[in-house]
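The chain contents come next:
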Amino acid sequence: MKRFSAAILSLASLCFLSSSGESCSRVLWNDNGWSVVVGRNMDWFEDIRSNIWLLPRGMERSGLSEVNPLKWTSKYGSVVVTTYDVGTADGINEKGLAGHLLYLPETTVGPRDESLPGLSMSLWVQYYLDQFATVQEAVDSLKTNPYQLRMAVEPTSGKPATVHIALNDPTGDSAILECLDGEIRVYHSREYVVMTNQPSFDKQLTNLKQYRAFGGDKPLPGSTEPADRFIRGAYYVNNLPDPKSDREAIAAMMSVMRNVSAPFGISNPERPNVSTTIWRTVTDLSNRVLYFDSVMSPQVLWIKLEELNFDSSQPVQKLTVFENYDLMGDVSKDFTPTKMFDFLKPED
């Protein structure tokens, strides 16, 4: 209740691309007195062939709209997890800003307004990792540099990228961005530590009030529905014991993410918001370490950003995790130079 009470009272008055539009859960732990850590589950009805990429500074990007695409040059290097190697679903930049893209079926971008720079959904998370060091900077930029999100359809699954994103940084700040009826809505507060899928975030917070730990009388729910995962994620992160080390903080967050995971056998292509968990990340924002846990492997691997070179003179590098089940432990030195993947273009 301590992390959500203010958020609930204020509203009471009122994983992509369909391959990146995955059903998922994200939980932030920002008050443990040790390190700021965030976990996310990637749930989908098929393997999305994810890999991990090291992207240096100084990369020129385009939002990929045919007319008036958003353009920028990356200020910060990042380590990102892709879906089908056509878009960024998760990642952290060298300043510790992390972004997470999750499925939201209510997403609607509206008709194209060519007076605004267009940004493909496949680049939504990458744009923020490239350009900003903090959540506050990212939120402020929407006022001074507006853009229009454009829908992309992932060709392998054939599903549109109906998604929303979460941003968090080493200070514990958090923002959730959703595009509804063509408008980007921003929910910005340290209190907003959980995000799943359907319904929209404001409705998730209203629903939270019905449960015992948050002011209501309903018991903790147990299904794999997005709203139930939201309640459980909020409950579990509120009740974690204070860690005594970074290791304990990571282990505690991993335990929460495993508790809001979905087992094999429940996936339904017609309902991507209820799917099997295929991988998860837990990211230590304070120490810039990304942990990756594939459900197909018995071991966890991790990447220490402090050991990576993000200089603009460096090449794009890739760590192949798709069907590479022998990876384990510290793999920071295992990246290899490769050609940059192509982000998925919008339909405009």
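Just so it is clear, the structure is predicted and the values come from calculations on it, not from any experiment. (Residues numbered from 1 in each chain as written. Predicted model: local features only at pLDDT ≥ 70, side-chain atom pairs only at ≥ 80, totals over all residues. Heavy atoms only, no water.)

Peer 1: Would you mind showing me how to read a nonpolar patch on the surface here?
Peer 2: On the surface, a cluster of nonpolar side chains totalling about 330 Å² of accessible area is made up of Phe 264, Met 296 and Tyr 325. Take Phe 264: it is sitting in the loop between helix 6 (246–259) and strand 17 (277–284). We classify Phe 264 as exposed; its relative accessible area is 57%. (Patch = residues over 30% accessible without salt bridge, like charges linked within 9 Å, V, L, I, M, F, W, Y side chains within 5 Å. Areas by Shrake-Rupley, 256 points an atom, 1.4 Å probe, with all protein chains shown as cover. Salt bridge = Lys/Arg side-chain N within 4 Å of Asp/Glu carboxyl O. Helix = DSSP H or I, 4+ residues; strand = E, 2+ residues; numbered from the N terminus. Buried < 20%, exposed > 50% of the residue type's maximum accessible area, 1.4 Å probe, protein only.)

Peer 1: Is there a simple way to think about the pattern of salt bridges in this case?
Peer 2: Proximity of charged atoms lets side chains of opposite charge pair with each other. Under the defined criterion, the tally for this structure stands at ten salt bridges. Across the pair Glu 94 and Arg 57 runs a salt bridge, and its minimum N-O distance is 2.8 Å. Placement of the pair is Glu 94 in the loop between strand 7 (88–93) and strand 8 (98–103) and Arg 57 in the loop between strand 3 (52–55) and strand 4 (60–62), with a sequence separation of 37 residues. The exposure class of Arg 57 is partly exposed, given its relative accessible area of 28%. Across the pair Asp 293 and Arg 258 runs a salt bridge, and its minimum N-O distance is 3.3 Å. In this pair, Asp 293 is assigned in strand 18 (residues 289–294) and Arg 258 in helix 6, connecting sequence segments 35 residues apart. When its relative accessible area of 46% is taken as the criterion, Arg 258 is described as partly exposed.

Peer 1: Even after reading the chapter, I still don't get the layout of surface pockets, so can you show me in this structure?
Peer 2: The method is simple in principle: a probe with the dimensions of a water molecule rolls over the atoms, and the space it marks as empty is what remains. There is about 370 Å³ of room inside the largest pocket. Along its surface, the largest pocket is lined by 13 residues, and Asp 246, Arg 247, Ile 250, Tyr 291 and Trp 302 are the ones closest to its centre. Elements with a contribution of two residues or more to the lining of the largest pocket: helix 6, strand 18 and strand 19 (301–304). Here the element with the most residues in the lining of the largest pocket is helix 6; it accounts for six residues. Per-class residue counts for the lining of the largest pocket are seven nonpolar, one polar and five charged. Here the second largest pocket is characterised by a volume of approximately 220 Å³. As for the second largest pocket, its lining consists of 16 residues, and the residues nearest its centre are Asp 47, Ile 278, Trp 279, Ser 294 and Met 296. Within the residue set of the lining of the second largest pocket, elements represented by two or more residues are strand 17 and strand 18. Residues belonging to the lining of the second largest pocket are distributed by class as follows: ten nonpolar, three polar and three charged. (1 Å grid on protein atoms, 1.4 Å probe; cavity = no way out; pocket = protein on both sides within 12 Å on 5 of 7 lines; lining within 4 Å. Points joined across faces, edges and corners; volume = space filled by probe spheres on them. Nonpolar A, V, L, I, M, F, W, Y, C, P; charged D, E, K, R; others polar.)

Shape descriptors only; they carry no functional weight alone.
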